[in-house]
Number of protein chains: 2
Amino acid sequence: ADAEAGKAKAAVCAACHGQNGMATIPGYPNLAGQNEQYLKNALTAYKNKQRAGGQAVVMQGQAAALSDEDIANLAAYYASLPAGGGQ
Amino acid sequence: ADAEAGKAKAAVCAACHGQNGMATIPGYPNLAGQNEQYLKNALTAYKNKQRAGGQAVVMQGQAAALSDEDIANLAAYYASLPAGGGQ
């Protein structure tokens, strides 16, 4: 997976999940330093509409546009960010 | 919500999510410092079987045993832990 490509793809994610992977909205998860494999699982589940509840419909829409490679790259990028946003 | 009550309830969670909220298994999410409202949304969605894919079936089972108060307390507890596990 290519974290740099993930960073480029993450521009749209930052609106809710923060420039540093720390969510800007309480109902949304922080992604910085999250486990890479978990991030892949979660994005894939949203893409496959296997997650509902909460704000899941927002992520179903976002993930629908992502290829498996995009998902792997985004997971690598967010996993690489320091947990807590580098405080 | 009562983070201390959540801590007591979290003993079973630690097997996979770590004593300090940092997952011990790659496919599982870190919970330390996660947004409280997001944690409540996620646990509620697992309880309602609105999340599938990945290891969701494990969490469906765990969350089924939790009351809404348990969920609120667990969310408060994990949100209170330092992101990154206090490194």
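Scroll up to find the structure this text is about.
Remember, it's a predicted structure, so these values are computed and weren't measured experimentally.

> How would you summarise the state of the cysteines if you had to cite specific residues and measurements?
All chains considered together, the criterion is met by zero disulfides over all chains. No disulfide involves A:Cys13; its sulfur sits 9.2 Å from the nearest other cysteine sulfur, which is in A:Cys16.

> Run through the interface of chain A and chain B, naming residues and quoting values.
The interface of chain A with chain B comprises 22 residues on the first partner and 22 residues on the second. It is A:Asn35, A:Tyr38 and A:Gln50 in chain A that bury the most area against chain B; as a group they hold 25% of the surface buried on that side. Seen at the junction of chain A and chain B, the total is zero salt bridges. At the surface where chain A touches chain B, the tally comes to ten residue pairs in polar contact (both at pLDDT 80 or more).

> How would you summarise helix α4 (residues 56–64) of chain A if you had to cite specific residues and measurements?
All names here are of chain A. Within α4 the residues assigned to the buried category are Ala56, Met59, Gln60 and Ala63. Within α4, the buried residues cover an arc of 110° as seen down the axis, which keeps them to one side. Residues of α4 that are buried in the fold lie against α2 (14–17) and α3 (36–47).

> So what's going on with the pattern of salt bridges? Residues and values would help.
Residues and elements named next belong to chain A. Counting across every chain of the model gives four salt bridges over all chains. Here Asp70 ties to Lys9 by a salt bridge, and the two come within 3.7 Å at their closest N and O atoms. Of this pair, Asp70 sits in helix α5 (residues 68–80) while Lys9 sits in helix α1 (residues 3–9), and the two are 61 residues apart along the sequence. You can call Asp70 buried: its relative accessible area is 16%.

> Please set out unusual backbone geometry residue by residue, giving values where relevant.
Of note, the phi angle at A:Lys49 is positive, near 55°, even though the residue is not glycine. For A:Lys49, the position within the fold is in the loop between α3 and α4.

> Requested: an account of the nonpolar core, with residues and values cited.
Residues A:Leu43, A:Leu74, A:Tyr78, B:Leu43, B:Leu74 and B:Tyr78 are the most contacted members of the largest nonpolar core, which totals 40 residues. For this core, the elements supplying multiple residues, two or more each, are α3, α4 and α5 of chain A together with α3 (36–47), α4 (56–64) and α5 (68–80) of chain B. If we ignore the near neighbours within four places in the chain, the residues touching A:Tyr78 are A:Ala10, A:Cys13, A:Ala14, A:Gly21, A:Leu31, A:Ala32, A:Gly33, A:Gln34 and A:Leu39.

The rules behind the values
Residues numbered from 1 in each chain as written. Chains lettered and ligands numbered in written order. Predicted model: local features only at pLDDT ≥ 70, side-chain atom pairs only at ≥ 80, totals over all residues. Heavy atoms only, no water. Disulfide = S-S within 2.5 Å. Contact = heavy atoms within 4.5 Å. Buried area = accessible area lost by both parts, 1.4 Å probe. Salt bridge = Lys/Arg side-chain N within 4 Å of Asp/Glu carboxyl O. Polar contact = N/O pair within 3.5 Å; in protein donor to acceptor, adjacent residues only side chain to side chain. Buried < 20%, exposed > 50% of the residue type's maximum accessible area, 1.4 Å probe, protein only. Helix = DSSP H or I, 4+ residues; strand = E, 2+ residues; numbered from the N terminus. Arc of directions from axis to C-beta. Core = buried A, V, L, I, M, F, W, Y, C linked by side-chain atoms within 4.5 Å.

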